[in-house]
Amino acid sequence: MPDGGTPRALPEIGSRTEAGLPAGVAGERPSASPLAEVALAGRVGDRSVYTYRIPEALAAIVQPGMLVEVPFGPRALAGIVVSLNASAEAGIRLRDLKAVLDPLPCLTPIQINLAEWLAKYYACRLNEAIHLMLPSGIDRAPVITYSAEPEDGVGGRFTLTPLQTELLAAMRRMGSATATQLAAGRDGKAVRMALESMARRKVVTRVRGLGRAVVGERTEVVVVLQPRQFRPRLTARQQLVADYLQDRGGEASLTAIHQELGVDRAVITRMAAGRAVVRYTRQMRRDPIAHRPLMISKPPILTNDQHRVLRSIGASLAARDGAVYLLHGVTGSGKTEIYLHAVSETIASGRQAIVLVPEIGLTPQTVDRFAGRFPGQVALLHSKLSDGERLDEWQRIRRGECSIAIGPRSAIFSPFPQIGLIVLDEEHDSSYKQDRTPCYHTREVATRLAHMTGAVVILGSATPDVISFNRADRGAYRLLRMATRVRHPGALPGAGVSRESALPPVQVVDMRQELKAGNRSIFSRALQGALQTTLRRRHQAILFLNRRGSATFVNCRDCGFVAKCGRCDLPFTYHSDGEHLQCHRCDAHAPVPSLCARCGSWRIRYFGLGTQRVEHEVRTLLPQARIERYDRDVVSGKFGHEMILDRFARGEIDILIGTQMVAKGLDFPRVTLVGAVSADTSLNLPDFRAAERSFALLTQVAGRAGRAALPGLVIVQTYTPGHFAIQAAAHHDYAAFYRDEIRFRQEAGYPPFSQLTRLTMSAAVERECHEAADQLAAKLRQWLDARPGVGIEIIGPAPCFINKADNRFFWQILLRGANVHPILSEIPRPWVIDVDPVNLL
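A quick note: this is a predicted structure, and the numbers were derived from the prediction, not measured.

1. Let's talk about the pairing of strand E18 (residues 419-425)
Burial analysis of E18 places 7 of its 7 residues in the buried class, which makes it a mostly covered element. Examined bridge by bridge, E18 and strand E19 (residues 456-461) share 5 bridges and lie parallel to one another. Bridge pairing in E19 places Leu-424 opposite Leu-459. Note on the crossover from E18 through helix H14 (residues 442-453) to E19: the handedness is right-handed.

2. What about the sheet that holds strand E36 (residues 808-817)?
Consider a sheet: its strands pair through backbone hydrogen bonds, and that pairing is either parallel or antiparallel. Here 4 strands make up an open sheet; going across it, the order is E35-E36-E34-E37 and the pairing antiparallel. The sheet is open, and its two borders are formed by strand E35 (792-805) and strand E37 (832-835), each paired with just one other strand. The sheet shows a mean angle of 20° between the axes of neighbouring strands, direction not considered. As defined by bridge partners, strand E34 (residues 755-763) adjoins E36 across 9 bridges and the pair is classed as antiparallel. Considered in E36, the bridge of Ala-763 is made with Phe-809.

3. Quick look at the sheet that holds strand E30 (residues 627-630)
Read from one edge of the open sheet, 6 strands run E23-E33-E32-E24-E31-E30, paired in parallel fashion. A single partner strand is all that each edge strand has here, and the edge strands are strand E23 (506-510) and E30. Averaged over all pairs of adjacent strands, the angle between their axes in this sheet comes to 15°, without regard to strand direction. As paired strands, E30 and strand E31 (residues 655-658) are joined by 4 bridges and run parallel to one another. What sits directly across from Ile-627, in E31, is Ile-655. Packing against the sheet, helix H17 (residues 525-536) makes contact with E23, strand E24 (540-544), E31, strand E32 (671-676) and strand E33 (713-718), and its axis sits at approximately 155° to E32.

4. Comments concerning the packing of aromatic side chains
With the rule as written, the count across this model stands at 16 aromatic pairs. Between Phe-648 and Phe-668, the ring centres sit 5.0 Å apart and the planes meet at 75°, which makes this aromatic pair edge-to-face. Here Phe-648 is found in helix H19 (residues 640-649), whereas its partner Phe-668 is found in the loop between E31 and E32, with 20 residues between them in sequence. Classification of Phe-648 by relative accessible area gives buried; the value is 0%. Judged by centre distance (4.6 Å) and plane angle (10°), the rings of Phe-688 and Tyr-750 are stacked. Here the residue Phe-688 occupies a position in the loop between E32 and helix H20 (690-702), and Tyr-750 occupies one in the loop between helix H22 (734-748) and E34, the gap between them amounting to 62 residues.

5. Digging into the pattern of salt bridges
In this structure the tally under the stated criterion is 41 salt bridges. A salt bridge links Glu-337 to Arg-373, with the shortest nitrogen-to-oxygen separation between them at 2.9 Å. One end of the pair, Glu-337, is in helix H11 (residues 335-348); the other, Arg-373, is in helix H12 (residues 363-373), and 36 residues separate them in sequence. The shortest N-O distance in the salt bridge between Asp-654 and Arg-626 comes to 2.9 Å. With a gap of 28 residues between them, Asp-654 in the loop between H19 and E31 and Arg-626 in the loop between helix H18 (611-621) and E30 connect regions that are remote in the sequence. Asp-654 sits in the buried class, given a relative accessible area of 11%.

6. Section: helix H15 (residues 466-473)
Within H15, 7 of the 8 residues are buried, which leaves it mostly tucked inside the rest of the structure. Buried residues along H15 sit against strand E14 (324-329), H14, E19, strand E20 (478-482), H20 and H22. With a side-chain oxygen lying 2.7 Å from the backbone nitrogen of Ile-467, the N-terminal cap of H15 falls on Asp-465. Downstream of H15 by one or two residues, Gly-475 has phi in the positive range, about 95°.

Reading the values: rules and limits
Residues numbered from 1 in each chain as written. Predicted model: local features only at pLDDT ≥ 70, side-chain atom pairs only at ≥ 80, totals over all residues. Heavy atoms only, no water. Buried < 20%, exposed > 50% of the residue type's maximum accessible area, 1.4 Å probe, protein only. Helix = DSSP H or I, 4+ residues; strand = E, 2+ residues; numbered from the N terminus. Pairing = 2+ DSSP bridges. Right-handed = clockwise from strand over helix to strand, strands pointing away. Axes fitted to C-alpha atoms, helices over the stretch in contact; angles between N-to-C directions. Contact = heavy atoms within 4.5 Å. Phe/Tyr/Trp six-rings, centres within 6.5 Å; stacked < 30°, edge-to-face > 60°. Salt bridge = Lys/Arg side-chain N within 4 Å of Asp/Glu carboxyl O. Polar contact = N/O pair within 3.5 Å; in protein donor to acceptor, adjacent residues only side chain to side chain.

Below, the structure is given as structure tokens:
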């Protein structure tokens, strides 16, 4: 949104003005009943929503936001009721909505309105926008049921096999049944073949529908001990169970009894038959944070800066004015405490809060702080949870059983009825932008949601996004500054007392001079000495390099051949662990070559630098150090992030080596040294945001040092020490960076001085992709020629920076102008539309 404010009213794109009937599936009678517009799950048909009649039996039940079953051609599909105010043309015959699948609405009215805005602004279908807001576990499995035709209808027309006769009798007894139900105790394959044969001859009717939710409720059997006077005489093993239950207040789960006592379940069955115990089934919550110890915390004494900021935010919370605050606080300035106090005020007013973090790896630390301050009120939502866990947390939010949702960008769609506060921590981070349709930016969704609900938005960062800061500079956002660090209270005498602390000094090392001095190591002399000193003092260090692997490419010194991934046409990265080559785009693996594939030379060499190489060099330099790598290659499983970070927090790791994951929001009081091994990694990429990303990463990773009583030091190694982004990061000077960057953006016509939209096409054959791009560019230029005042520039078409990935080729067209939305309705469906992209690579 280049104007820096609320998105403009835009032409309808893929929204419910397209509502109508599924092609060729008209119903039996004209509409005289209420009508519902339904957004179907998945990409079906050519519309966003379809219109259905509401049967009289469901008229008093159906509400907007409900999950319903509807017919679509021969299939049954699930969908969300968008509106009950539909209309149909005279004489059009509609089909009936079949069933309500959930008695509670899955979406609030606010969420439906938000989905409609999202579909317009990001040029996607309404059903795609709605799908963002639903947990995957709510999906319904398709099911086919069979029922017998009346006996007089079948008569003696067909000769049935003994199995078919048996199945027909079973269906008449049961009314209707699935193939699975009918196959009980029989040959399943034979049953299905028999049923299909009877369905073709119309002996039985086959009906497609939807069954239970893909993810069901988790239940457990609970055993309750009866009072002593009602118990019969017990055997020794039964008495063991009775004593176990007595020690636990009279009840325990059947699973716990079996696991801890080792008794056979038959023992419990006999006890229940003798009325010594009673069994019942209860629903269990799949709690994603039950494994983490809860540390109850109390608010610390606030600084003057924190009091000042909270007064402003508190006034907006009370007024419910929908204000958007940009909280620009240096690293370690106590922004999280601001969030905690604002959440407390929100809950006290009877409303709910959404707290967003950019990385799943940050979630455990954030959850610990909020769960410790608000026990029992926090729900966790992120993609590493199982479908069951996500569904249970979403249900808790929907039923009003908690007041705070924490997670990455998708948590913005939490179905709270009264949202009062939305926090985007590290708001500058590019992970808040989704890179697949719908390509939404969480900041814009949060801003729109605040406009609709009166909720307050806090965008917190030490390195605000240039667009966000420009909006604050122009008054669209309210700017709050926190320029002083708050020392980590846990490492000080008198815990809970906040004291001010200085930002760590940053030493910029010119690696060109290191080479001239004869130092061929990847570590400067300054960084080597600082690592040794840190280890000797028993402090901790973080080494940052935003590349994985040991070497970034493998090259033949004789002919220049570079080993590339055949699927992606990108250089393989060499990984010393397991001695293999790996593509970081599609994860393909290949053996390390001993000879050049082109010329047969043995002069194969490894170039570039990755975190594996850094780890190897540190182990060689400091063999006594306890070292851990923290990147995607070593983090696996649901608890991979927190296991490494918990060990680091307990002091079991001396040096943590990682990619950008170590730069985001981590707070460890014993970290006194941070080393940026190569500050130039992302600085020279062909993207207008390259300098902004580099400045933010360096400033953020530098902020991990010296957050407690112990003084910190940051060493930045670079071959371009004079670059304005590196100099600004070295001085913790956002204002200086912003002045240079905004001048460059204005001269080049980049956002926030224009709006960009990226159109991307992929195909298995590059020629097809190229031709489609040329055709679309020509069509768009014709459209512009007919409207000379629109002011939209077409850049391209051209191959994407990563031209081939997963055996598909990618081409792109860029649109630039004050407002590019008028032309987006001309974009055909196969193209991916990314409005306001944050990545042009």
